[in-house]
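So you can see what is in the structure, the chains are spelled out below.
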Amino acid sequence: SGPTTVCVASTITLTNSVAGGDWTSSATGTATVGLSSGIVTGVAGGLVTITYTPAGCTYATYNVSVNPLPSVITGPSNVCVGSTITLADATPGGSWSSSNLTVAMVGSTGIVSGISGGGVNILYASPTTGCQAVKSIVVDPLPGAITGPTEVCELANITLSDPTPGGNFSGGGANASVAFSGVVTGVAAGTATVTYMIATSGCYVTTPITINPAPAPITGTIVVCENTTTALSDADAGGVWSSANTARAT
């Protein structure tokens, strides 16, 4: 007695009320069976006869159908937290599921969403037999948040950093230039998005940066004698003047 079907790579257990017998398979290329346990393991699709022979008694037989798995699941094997990948299976009409919904979720069309870092199995079940194809997926964590100033003036620099090693900074668009090291230079007034990406996983975080316009150019005489004065001006009102070297000029 026991189930009459088993999936490839899965097991069922057969039993007999007469103890002490041996179990055998008519086709070990289709299914194997434990000599004393009655545990049948599907190997390849097809029909197999399982025989049970108690000592000194006539044997009993039992037919088991081994159902094939759906086609191999195809698609990427990694996804970042907060991102998605799309998996596919050539066997139509099946259903998708995840072995751990806290790590990754999968929709009815095979779109996998990363939830938290870790490993997870994505399964695709045949609509006729329930046999499942399995694909192992790694959900890669995002880098830590980018830290540093959120504003920079045109033609000035700020330095950003990220606590997660192994990544590079990029982005900026038309309003800022961004070095791999995280040095951001304001180019034109506006906003820019700076990205920090881990090279091995491709996972990234972003931060917005505001580029503030520089004041209009300073005008006036650029030569002055000791103990005399010259008047400088700027078209942008309300600013504050300072000297780079008060021992030379105030």
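Residues numbered from 1 in each chain as written. Predicted model: local features only at pLDDT ≥ 70, side-chain atom pairs only at ≥ 80, totals over all residues. Heavy atoms only, no water.

Here's the deal with the state of the cysteines
- Applying the stated rule across the entire model yields two disulfides.
- Cys7 shares a disulfide with Cys131; S-S distance 2.0 Å. Across the S-S bond of Cys7 and Cys131 the torsion is about -90 degrees, and the bridge reads as left-handed. Linking Cys7 in strand S1 (residues 5-7) with Cys131 in the loop between strand S13 (118-125) and strand S14 (132-140), this pair joins segments that are 124 residues apart in sequence. Both residues of the pair, Cys7 and Cys131, count as buried.
- A disulfide bridge connects Cys80 with Cys203, and the sulfur atoms are separated by 2.0 Å. (Disulfide = S-S within 2.5 Å. Helix = DSSP H or I, 4+ residues; strand = E, 2+ residues; numbered from the N terminus. Buried < 20%, exposed > 50% of the residue type's maximum accessible area, 1.4 Å probe, protein only.)

Structural notes on the packing of aromatic side chains
- For the structure shown, the criterion picks out three aromatic pairs.
- Ring centres of Trp23 and Tyr52 lie 4.5 Å apart, and the angle between their planes is 50 degrees; this geometry places the pair in the tilted category. Linking Trp23 in strand S3 (residues 22-25) with Tyr52 in strand S6 (residues 46-53), this pair joins segments that are 29 residues apart in sequence. Both residues of the pair, Trp23 and Tyr52, belong to the buried class. (Phe/Tyr/Trp six-rings, centres within 6.5 Å; stacked < 30°, edge-to-face > 60°.)

Points about the side chain of Thr195
- Within the secondary structure, Thr195 is located in strand S20 (residues 190-198).
- A relative accessible area of 15% means that Thr195 is categorised as buried.
- If sequence neighbours within four positions are ignored, Thr195 has contacts with Ile146, Asn168, Phe169, Ser170, Tyr204, Val205 and Thr206. (Contact = heavy atoms within 4.5 Å.)

Describing the sheet that holds S3
- Taken in spatial order, the four strands make up an open sheet running S1-S7-S6-S3, and their pairing is mixed. Both outer strands of the open sheet, S1 and S3, are each paired with one neighbouring strand and no more. Within this sheet the neighbouring strands show an average axis-to-axis angle of 30 degrees, counted without direction.
- The sheet contact formed by S3 and S6 spans four bridges and is antiparallel. Within the sheet, the bridge partner assigned to Ser25 lies in S6 and is Ile50. (Pairing = 2+ DSSP bridges. Axes fitted to C-alpha atoms, helices over the stretch in contact; angles between N-to-C directions.)

Just geometry here; none of it tells us what the structure is for.
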